[in-house]
Amino acid sequence: MLHLDYIIIVVQSRNIYFRGVSIKPIFIFFIIVLSFQGCSNKQPEVMIKETILQGKISDKNVSSSDEFSDEFEDEFSDDFTDETKSHYNPFDAYNLLMTSINDDMIIHVINPISKVYDATLPQQVRIGISNAIHNIKFPIRFTNNLLQGKFQNVSEELGRFLINSTFGLAGFMDPAKEYKGLLPHDEDFGQTLGFYDVEPGYHIVLPFLGPSNVRDLVGIAVDAYASPLVNVRGLENYKIPQNFVQSAGVYTGYIINENSLKLGQYESLKKDALGLYPFLRDIYEQKRVTEIEE
Amino acid sequence: MLKTICIVLLMSISSQAIVESQIQKVMDKKVHQVLNILKNKSLSQKQKEKKSTLVMDSVFDYATMSKISLGKKWKTLSATEKKQFTNAFEKKIKHSYIDKLRLYNNQKVKIMALKKPKNTRITLENEIIGKTDTYKVLYLFYKKKKTSQWYIYDVKLAGVSIIQTYRKQFTSFLKTKSFKELVNSL
């Protein structure tokens, strides 16, 4: 399953314009990691009779399917879409190249480091670190739930933050979920824009970290203001990292930690792809549509 | 005689699809059965896949999934090609589904509420509570008109439709390559 996170490090301020709107803190360096979870699978010890286990591809499915042939297209035409037109995207060539670079980065750099990290640090500690970082990023969820008028979520997020920051030992544990049944409501500014019907725009694959689009790129830049883990010039008192290097350090650690809890997911996902770039693009865009609808 | 009755009964139970009132109950049982198989350390990965797919076979309508995934191309195929594609796609789907579940075999699964957006559609949501995240798995059922039984025609993992994703990929693939190449690539 695809899990997306990102790092934003503001290097310098510069104005850019998106649909006529000036957006200030730009010139950012993104890292987005597609991190996936794995698990260990022990090898077999007992053989089971082939006859019991045999799962043949049955011809009955093919023959019975003819029963649907007439009604088939009408029956499901509303549920599925056909991409008959190829939408022009000026970033396609770049996206293709960047997908390949990101793939190499995940397979040859991030995964090997994550595996060593996985073997070094107990899982419970890594889960604790993941919980704590998620807890610190509370302002992003709080602000965006508020901006979308999801007041029940706002209240639950506030409750989670208060409980987990105190009884949860600075967020390392998640008693709000365990004992109160309060689940997180992940919302970001890209989703907020989508909530107000802003179109995703061109799909853009970001260096190191994977799929995004114009709308979500703007969202990432805006969320940088709310996140205590991203250094923004002029907001140092509110931020944990005080400069670029510290921001990079915090997020590199976060990425490796998250990926160590999701080893194997990326490889599993890749098996479903006929072409990696269009595949990752489609599942990213589908996932974002669902997240916005929710 | 008793033995024969038992065998007939067992066969009828294992091969039947689901009636509406039983969807939650049957799926709860099947999903947990599969997760238990995947957790069984005495089985090889291949054995786990075979056992798991046997559990799910009666509710997954692979033929309909194959048709939907090919879209309009389906109607242009001969009977042999349809069979070829369905066989290849069925294998692919089974492997993909089990491989995804394998990754979460240490997690808890909660069967959530059933929804009926229209008369011939039902969705059943599962929540897989992972180490740090909760993932949603949505099983999409349709009602087969002749028998009034319900079958799964798509699964959405974290909001991503498996069949829609394949459909897009296949459409794109077939613009530049042949049907034969598509079957081989599966």
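Here the structure is a predicted model, which is why all the values come from computation and not from measurement. All residue numbers refer to positions counted from 1 along the written sequence of the respective chain. Whichever chain is written first is A, and whichever ligand is written first is 1; the rest continue in order. For this predicted model, a pLDDT threshold of at least 70 governs which residues receive local features, and a threshold of 80 or more governs which side-chain atom pairs are given and counted, while totals over whole chains, interfaces and linings are taken from all residues. To get the side-chain values, take all heavy atoms of the structure and skip hydrogens and water.

**Comments concerning the side chain of A:Asp103**
Residue and element names in this part refer to chain A.
Okay, step 1: Structurally, the position occupied by Asp-103 is in helix H4 (residues 92–120).
Okay, step 2: Using a relative accessible area of 13% as the deciding quantity, one classes Asp-103 as buried.
Okay, step 3: Here a polar contact is recorded for every N or O atom pair within 3.5 Å, except that within protein the pair must consist of a potential hydrogen donor and a potential acceptor, and residues adjacent in sequence are included only if both atoms are side-chain atoms. A polar contact of 2.5 Å, which involves the side chain of Asp-103, links it to the side chain of Tyr-266.
Okay, step 4: Look past the residues within four positions of Asp-103 in its chain and what remains in contact with it is Tyr-266, Lys-270 and Leu-276. Labels follow the DSSP assignment, with helices taken as runs of H or I lasting at least four residues and strands as runs of E lasting at least two, numbered in each case from the N terminus. Any residue under 20% of the maximum accessible area for its type is buried, any over 50% is exposed, and the rest in between are partly exposed; the area is computed with a 1.4 Å probe on protein chains only. In this description, contact between two residues means that some pair of their heavy atoms is separated by no more than 4.5 Å.

**Side note on the sheet that holds strand E2 (residues 121–129) of chain B**
Residues and elements named next belong to chain B.
Okay, step 1: Only strands that DSSP links by at least two bridges are regarded as paired with each other. The antiparallel open sheet is built from five strands, whose spatial order is E1-E2-E3-E4-E5. Edge positions in the open sheet fall to strand E1 (108–118) and strand E5 (160–161), since each of these has one partner strand only.
Okay, step 2: The pairing of strand E3 (residues 134–144) with strand E4 (residues 149–157) spans eight bridges and is classified as antiparallel. Of the residues in E4, the one forming a bridge with Leu-138 is Lys-156.
Okay, step 3: Lines fitted to C-alpha atoms define the axes here, with helix axes fitted over just the stretch in contact, and angles between the N-to-C directions of these axes take values from 0 to 180 degrees. Helix-sheet contacts for helix H4 (residues 62–70) involve E3 and E4, and the interaxial angle to E4 is about 50 degrees.

**Some thoughts on helix H13 (residues 276–293) of chain A**
Okay, step 1: To estimate how far a helix should reach, multiply one less than its number of residues by 1.5 Å. Here H13(A) is 18 residues long and its end C-alpha atoms lie 26 Å apart, about the 26 Å a rise of 1.5 Å per residue gives.
Okay, step 2: Of all 18 residues in H13(A), 13 are buried; the element is thus mostly enclosed.

**Some details on the packing of aromatic side chains**
Residues and elements named next belong to chain B.
Okay, step 1: Pairing of aromatic side chains here covers Phe, Tyr and the six-membered ring of Trp, requires ring centres within 6.5 Å, and sorts the geometry by plane angle: under 30 degrees stacked, over 60 edge-to-face, intermediate tilted. Counting across every chain of the model gives 16 aromatic pairs over all chains.
Okay, step 2: Here the aromatic rings of Phe-60 and Tyr-62 are separated by 5.8 Å at their centres, their planes lie at 10 degrees, and the arrangement is stacked. Here the two residues Phe-60 and Tyr-62 agree in accessibility, since each one is buried.
Okay, step 3: A ring pair is formed by Phe-85 and Phe-179, whose centres lie 6.2 Å apart and whose planes are at 40 degrees; its orientation type is tilted. Of this pair, Phe-85 sits in helix H5 (residues 79–103) while Phe-179 sits in helix H7 (residues 179–185), placing them 94 residues apart in sequence. Per residue, the accessibility class of Phe-85 equals that of Phe-179, and both read buried.

**Some words on the environment of B:Thr165**
Okay, step 1: Secondary-structure assignment places B:Thr165 in helix H6 (residues 162–176).
Okay, step 2: Along the sequence, B:Thr165 and B:Ile93 sit 72 residues apart, while their C-alpha atoms lie 12 Å from each other.
Okay, step 3: Not counting chain neighbours up to four residues away, the residues in contact with B:Thr165 comprise A:Phe279, A:Ile283, A:Gln286 and B:Val160.
Okay, step 4: A polar contact is formed between the side chain of B:Thr165 and the backbone oxygen of B:Ser161, at a distance of 2.6 Å.

**A few points about the confidence of the model for chain B**
Okay, step 1: The pLDDT value expresses, per residue, how confident the predictor is, ranging between 0 and 100. Looking at chain B, pLDDT values average 83 and 89% of them are 70 or higher.
Okay, step 2: Between residues 6–15 of chain B, whose pLDDT stays under 50, and residues either more than four places distant or in other chains, the model counts two contacts.

**Observations regarding the nonpolar core**
The tendency in soluble globular proteins is for nonpolar side chains to be buried as a group.
Okay, step 1: For the purposes of this section, nonpolar cores are sets of buried Ala, Val, Leu, Ile, Met, Phe, Trp, Tyr and Cys residues that join through side-chain atoms within 4.5 Å. Residues B:Met27, B:Phe60, B:Leu70, B:Phe85, B:Tyr139, B:Phe141 and B:Ile152 are the most contacted members of the largest nonpolar core, which totals 53 residues.
Okay, step 2: If sequence neighbours within four positions are ignored, B:Tyr139 has contacts with B:Met27, B:Val31, B:Phe60, B:Tyr97, B:Ile122, B:Thr123, B:Leu124, B:Asn126, B:Ile152, B:Asp154 and B:Val155.
Okay, step 3: Residues A:Met105, A:Ile110, A:Phe279 and A:Leu280 belong to the second largest nonpolar core, which totals ten residues.

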